Every structure is written in C-alpha cells, then in structure tokens.
Amino acid sequence: MRARAQAARVDAAQAGLRLAQASLENTVIRAQPAAAPGPAPQTPPAEEGVSAGLAMPEFTGGSDDDRLEYARRMATMLDSTIVTLIAVFRGTSGQPFGGATSPAVLSPRERTRWSRCRDLQLDLTTYATAASLLKDSLPANPLLRRAAAMLDTAFAELDATAECDNISSMISAPERWSPWQEHYEAAARHFYESWYAQLRTVHERDRVFARTLNSVLPAALQIRVPPALPPNPPYAGAAPR
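Residues numbered from 1 in each chain as written. Predicted model: local features only at pLDDT ≥ 70, side-chain atom pairs only at ≥ 80, totals over all residues. Heavy atoms only, no water.

Colleague: Mind showing me how you'd approach the overall build of the chain here?
Modeller: In terms of regular secondary structure, the chain is built from six helices and zero strands. Going residue by residue from the N terminus, the α and β elements of the chain occur as α-α-α-α-α-α. Sorting the 241 residues of the chain into buried and exposed places 45% on the buried side. Long-range pairs, those at least 24 residues apart, make up 80% of the contacts in the chain between residues at least 6 apart in sequence. Surface summary for the chain: the accessible area is close to 12200 Å², and the carbon and sulfur share equals 52%. (Helix = DSSP H or I, 4+ residues; strand = E, 2+ residues; numbered from the N terminus. Buried < 20%, exposed > 50% of the residue type's maximum accessible area, 1.4 Å probe, protein only. Contact = heavy atoms within 4.5 Å. Areas by Shrake-Rupley, 256 points an atom, 1.4 Å probe, with all protein chains shown as cover.)

Colleague: Can you walk me through the nonpolar core in this structure?
Modeller: For soluble globular proteins, nonpolar side chains are generally found buried alongside one another. Residues Met-74, Phe-89, Trp-114, Phe-155, Trp-195, Phe-209 and Leu-213 are the most contacted members of the largest nonpolar core, which totals 56 residues. Among the elements that make up this core, the one with the highest residue count is helix α6 (residues 180-214) (13 residues). Not counting the four nearest positions on each side in its chain, Phe-209 is found in contact with Ala-71, Met-74, Ala-75, Leu-134, Leu-138, Leu-144, Ala-147 and Ala-148. (Core = buried A, V, L, I, M, F, W, Y, C linked by side-chain atoms within 4.5 Å.)

Colleague: It is not clear to me how the packing of aromatic side chains should be interpreted in this structure. Could you clarify?
Modeller: For any pair of aromatic rings, geometry is given as the distance between the ring centres together with the angle between the planes. For the structure shown, the criterion picks out twelve aromatic pairs. Between Phe-89 and Phe-191, the ring centres sit 4.7 Å apart and the planes meet at 45 degrees, which makes this aromatic pair tilted. A residue pair is termed long-range when its members are at least 10 positions apart, and Phe-89 in the loop between α2 (64-88) and α3 (108-137) and Phe-191 in helix α6 qualify at 102 residues. Among the aromatic residues, those joined into a cluster by ring pairs are Phe-89, Trp-114, Phe-191, Tyr-192, Trp-195, Tyr-196 and Tyr-235. (Phe/Tyr/Trp six-rings, centres within 6.5 Å; stacked < 30°, edge-to-face > 60°.)

Colleague: Quick question: what am I supposed to make of the packing of α2 against α6 here?
Modeller: What describes two packed helices is the angle between their axes and the distance between those same axes. Running from N to C, α2 and α6 point in directions that differ by 150 degrees, and their axes come no closer than 10 Å. The orientation of α2 relative to α6 falls into the category roughly antiparallel. Classified by chirality, the crossing of α6 by α2 is left-handed. Counting all contacts with α2, which are made through Leu-68, Ala-71, Arg-72, Met-74, Ala-75, Leu-78, Asp-79, Ile-82, Leu-85 and Ile-86, the residues of α6 involved are Trp-195, Tyr-196, Leu-199, Val-202, His-203, Asp-206, Phe-209, Ala-210 and Leu-213. Of the residues belonging to the contact of α2 with α6, the class tally is 15 nonpolar, one polar and three charged. (Axes fitted to C-alpha atoms, helices over the stretch in contact; angles between N-to-C directions. Parallel < 35°, antiparallel > 145°, perpendicular 65-115°, else oblique. Left-handed = near helix turned anticlockwise from the far one by under 90°. Nonpolar A, V, L, I, M, F, W, Y, C, P; charged D, E, K, R; others polar.)

Colleague: Would you mind going over the environment of Lys-135 with me for this structure?
Modeller: Within the secondary structure, Lys-135 is located in helix α3. Sequence separation between Lys-135 and Met-150 is 15 residues, and the spatial gap between their C-alpha atoms is 8.7 Å. Sequence-distant contacts of Lys-135, defined by excluding residues within four places in its chain, comprise Arg-145, Ala-148, Ala-149 and Asp-152.

Colleague: Any chance you could explain the packing of helix α4 (residues 142-156) against α6 here in plain terms?
Modeller: Between α4 and α6, the least distance of the axes is 9 Å, while the angle of their chain directions is 165 degrees. Classed by the angle they form, the pair α4 and α6 counts as roughly antiparallel. Of the two elements, α4 crosses α6, and the hand of that crossing is left-handed. Where α4 approaches α6, its residues Leu-143, Leu-144, Ala-147, Ala-148, Met-150, Leu-151, Thr-153, Ala-154 and Phe-155 are matched on the opposing element by Thr-201, Val-202, Arg-205, Asp-206, Phe-209, Thr-212 and Leu-213. Tallied by class, residues from the contact of α4 with α6 come to eleven nonpolar, three polar and two charged.

Colleague: Explain the environment of Phe-59 to me, please; I cannot follow it from the model alone.
Modeller: Considering the arrangement of structural elements, one finds Phe-59 in the loop between α1 (2-19) and α2. Residue Phe-59 is classed as partly exposed on the basis of its relative accessible area of 21%. Sequence separation between Phe-59 and Ala-130 is 71 residues, and the spatial gap between their C-alpha atoms is 7.6 Å. Those residues within four positions of Phe-59 in sequence are excluded, and the remaining contacts are Asp-66, Arg-67, Tyr-70 and Leu-133.

Colleague: In this structure, what is going on with the state of the cysteines? I would like to understand it.
Modeller: Disulfides are covalent bonds that connect the sulfur atoms of two cysteines. In total, this model carries one disulfide according to the counting rule given. A disulfide bridge connects Cys-117 with Cys-164, and the sulfur atoms are separated by 1.9 Å. Between Cys-117 and Cys-164 the sulfur-sulfur dihedral comes to about 50 degrees; the bridge is accordingly right-handed. With Cys-117 in helix α3 and Cys-164 in helix α5 (residues 162-172), this pair connects stretches of sequence that are 47 residues apart. (Disulfide = S-S within 2.5 Å.)

Colleague: Would you mind going over the pattern of salt bridges with me for this structure?
Modeller: If the charged atoms of two oppositely charged side chains come close together, the side chains can form a pair. Throughout the structure, instances matching the rule amount to six salt bridges. Here Arg-67 makes a salt bridge to Asp-64, at a shortest N to O gap of 3.7 Å. Placement of the pair is Arg-67 and Asp-64 together in helix α2, with a separation of three residues, close to one helical turn. Under the relative-accessibility criterion, Asp-64 is labelled partly exposed at 39%. Across the salt bridge formed by Asp-136 and Lys-135, the nearest N and O atoms sit 3.1 Å from each other. Owing to a relative accessible area of 53%, Asp-136 belongs among the exposed residues under this scheme. Note on Lys-135: relative accessible area 22%, which makes it partly exposed. (Salt bridge = Lys/Arg side-chain N within 4 Å of Asp/Glu carboxyl O.)

Below, the structure written as structure tokens:
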C-alpha cells in the first residue's frame with residue numbers, strides 16, 4: 001500500500017509540473033545601493049570546515065524527483081539560516097564600534113558577533129551555489145526555473161555580508177589591515193547600511209520560490225512558505241513600520 005501511495009504522489013508531482021499555470025510574483029524588494037568601502041587588503045582564505053552548521057549540502061541526486069526534493073530542502077533551510085543571521089544583530093546599534101583603534105578595544109561579545117556572522121555568511125554561500133544549480137536543472141517548468149533564477153540574482157547582489165568575513169579577519173589577523181581603524185569602520189559601515197535590505201531581498205525571492213514550487217507539488221509534499229521579514233533592520237530602537 002505504501003509503495004502505491006508513493007507512486008501516486010510521484011505521478012501527481014509530474015502531472016503538476018506539466019499543468020502548472022501559476023503566475024510568478026513580479027514585486028521584488030530591491031536592495032538599497034551602498035557606497036563601496038575603501039581599498040582593503042585581500043582577505044585570507046577562510047578556514048576549511050568553518051560553518052555555523054546550516055550549510056546546504058551538495059546535490060548528489062540525478063532524477064527530477066531528486067531535484068524537487070533538493071529544492072524543497074533549500075527553500076526551507078535558507079529561511080532558517082537568514083532568520084538566524086538576523087538574530088545575531090538584533091538589538092545592536094547599527095553602527096561601527098566608536099573609537100576602535102584595534103581589536104583589543106572591541107568587547108568579547110562584539111568579537112563573537114562578527115565570528116558568528118562570518119560562519120553564517122559562509123553557510124549562505126552554499127545556498128547561492130544551490131540556487132545556481134537549480135535554475136538550470138529543475139524539471140522543464142518555466143515558472144519554477146524563473147523563480148530559481150530570481151533567487152540566484154538576489155544572491156549575486158548580496159555583497160554586504162562578506163564584510164563579516166573581512167571583519168573577522170581584521171580581528172584575528174590585525175597586522176594584515178593597516179590602518180586598522182579605517183578598514184574596520186569602512187567595512188562595518190558598509191555592512192550595517194546594506195546587509196539587511198540585501199538579505200531581505202534574498203528572503204523575499206525565497207518566498208516566491210517556495211510558493212512557485214508548491215504550485216507544482218502535490219499537497220502532501222508542499223512546504224510552509226516563510227513569513228515576510230519586517231522592512232526595517234533589527235537595530236535597537238527600530239520599531240516595525
């Protein structure tokens with residue numbers, strides 16, 4: 001009985017792919033432009049194995065059903081990773097730490113925050129890889145492929161979170177960054193001005209992808225569409241608008 005039920009679900013998924021007529025949302029939250037920080041030395045390669053434990057695994061399947069299952073997992077885990085990163089900066093000032101002439105001036109909590117952000121940023125890059133794979137390999141459904149392509153574009157425009165890796169390097173290897181305060185303030189300012197809007201765009205594209213994916217899946221395999229993020233960053237004193 002279980003085998004027949006599973007076969008029925010697969011048949012339904014394949015039929016849904018052929019019959020999907022859902023229209024893809026056109027409203028996209030655009031990331032706010034931000035001035036690029038000043039020149040900085042090349043960031044050393046990240047330590048192998050550094051991760052917050054939320055990385056998207058590599059795709060190892062081969063069938064259309066495998067790709068759809070991979071897409072379901074990506075859409076769900078990406079939401080969790082983004083929400084976790086937002087929590088790291090909840091209640092912060094949204095500004096570089098004043099008068100930080102060296103890493104020693106930063107509090108242990110501040111140093112840990114940038115390290116945690118670096119780990120989550122590296123995990124986020126695995127979702128960018130997954131979205132790039134899916135946009136060209138999902139079953140022949142133009143709406144679903146377009147949703148994946150829109151998510152891939154949002155990842156390509158997400159550059160502010162890379163500052164977490166830069167600042168973590170500044171803290172662990174300050175001799176590579178001179179003058180230290182200038183590089184730290186430029187990187188932190190770029191991050192705080194841009195990361196949330198850019199990340200919110202990625203999250204909104206993920207929501208579109210999840211809805212489009214659900215439109216081609218049978219009810220038993222559909223996933224929860226993540227709720228929208230607030231429009232303003234989670235800084236101290238920033239009330240929802």
